[in-house]
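Below are the chains, spelled out letter by letter.
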Amino acid sequence: MAFLQPDGYFSRVSRIDVKHDLVERGLNTVLIDIDNTLRSRVDGRVPAEERAWLERCANAGVRVCLLSNNFHTNVYELAETLELPIVAKALKPLPHGYLRALRTMGASARETVVVGDQLFTDIVGAKALGLRSYMVAPLGDLDLPYMAALRYVERAIVGEAPA
């Protein structure tokens, strides 16, 4: 069951304490999912709190790479706007996208954490490669149709997100 347990569970990305949860744990690279993790599927925006978190990461020397299964051009536009590297079409939980992101960032598994809102893609893929993982509650209620059933299973396994 440890394979299905994230190393941390947060109500949203901005609740991950950059100093305590990243820097003090030797994590200087974050591979982060986009949809419903960093930006809401409801309005397509990155909330101000998440933008501020990205800035705190940069100020602390923590590098961030977007890692998304999304195939649409808007993820590349978002990466450009946020001035972050991106690995799209990642096909998570398969290893290829994670490995490409690690190469892009010049990072090792030891210093990297994956942050995402989906247990069966983001977290399982990270665990399969020995990467640490932080799960966040989805930013919005709007999801892809198949996710409704999976969200129910996720809650049964990891519980409700902390405040």
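Residues numbered from 1 in each chain as written. Predicted model: local features only at pLDDT ≥ 70, side-chain atom pairs only at ≥ 80, totals over all residues. Heavy atoms only, no water.

Novice: What is the right way to read the sheet that holds strand S4 (residues 86-87) from this model?
Specialist: Here we have 6 strands laid out as an open sheet, ordered S1-S6-S5-S2-S3-S4, and parallel in their pairing. The open sheet has two edge strands with one neighbour each: strand S1 (8-10) and S4. Across the sheet, helix H4 (residues 95-105) lies against strand S2 (29-32), strand S3 (63-67), S4 and strand S5 (112-116), angled at about 150° from S3, the strand it touches most. Sitting on the sheet, helix H5 (residues 119-128) touches S5 and strand S6 (132-136), and the angle it makes with S6 is about 165°. (Pairing = 2+ DSSP bridges. Helix = DSSP H or I, 4+ residues; strand = E, 2+ residues; numbered from the N terminus. Contact = heavy atoms within 4.5 Å. Axes fitted to C-alpha atoms, helices over the stretch in contact; angles between N-to-C directions.)

Novice: Just checking my understanding: could you explain the pairing of S5 for this structure?
Specialist: The side chains of a regular strand alternate, first on one face of the sheet and then on the other. Judged by how many residues are buried, S5 sits mostly within the fold: 5 of 5 residues are covered. Burial along S5 is two-sided: Thr112, Val114 and Gly116 facing one way and Val113 and Val115 facing the other are all buried. Of the pairings in the sheet, the one linking S5 to S6 comprises 4 bridges and is parallel in character. Counted as the bridge partner of Val113 is Arg132 from S6. Note that the unit made of S5, H5 and S6 has a crossover that is right-handed. (Buried < 20%, exposed > 50% of the residue type's maximum accessible area, 1.4 Å probe, protein only. Right-handed = clockwise from strand over helix to strand, strands pointing away.)

Novice: In this structure, what is going on with the environment of Leu78? I would like to understand it.
Specialist: You can see Leu78 is positioned in helix H3 (residues 74-82). When the C-alpha positions of Leu78 and Val46 are compared, they lie 9.1 Å apart, and in sequence the two are 32 residues distant. Once residues within four sequence positions are removed from consideration, Leu78 is found in contact with Ile34, Arg39 and Val46.

Novice: Sorry if this is basic, but what is going on with the environment of Ala107 here?
Specialist: As for its position among the elements, Ala107 is in the loop between H4 and S5. Placed 78 residues apart in sequence, Ala107 and Thr29 show a C-alpha to C-alpha distance of 6.9 Å. With residues near it in sequence (within four places) discarded, Ala107 still touches Thr29, Arg63, Leu102 and Thr112.

Novice: What is the right way to look at the nonpolar core in this model?
Specialist: Grouped burial of nonpolar side chains is what soluble globular proteins tend to show. By size, the foremost hydrophobic cluster in this structure holds 27 residues, and its most contacted members are Ile16, Leu22, Val30, Ile32, Trp53, Val115 and Tyr134. Elements supplying a minimum of two residues to this core: helix H1 (18-22), S2, helix H2 (48-59), S3, H3, S5 and S6. Per-element tally for this core: the top contributor is H3, with 4 residues. Listed in part, the 13 residues of the second largest apolar core include Leu31, Leu67, Val87 and Ala101. (Core = buried A, V, L, I, M, F, W, Y, C linked by side-chain atoms within 4.5 Å.)

All quantities given are derived from atomic positions and should not be read as evidence of function.
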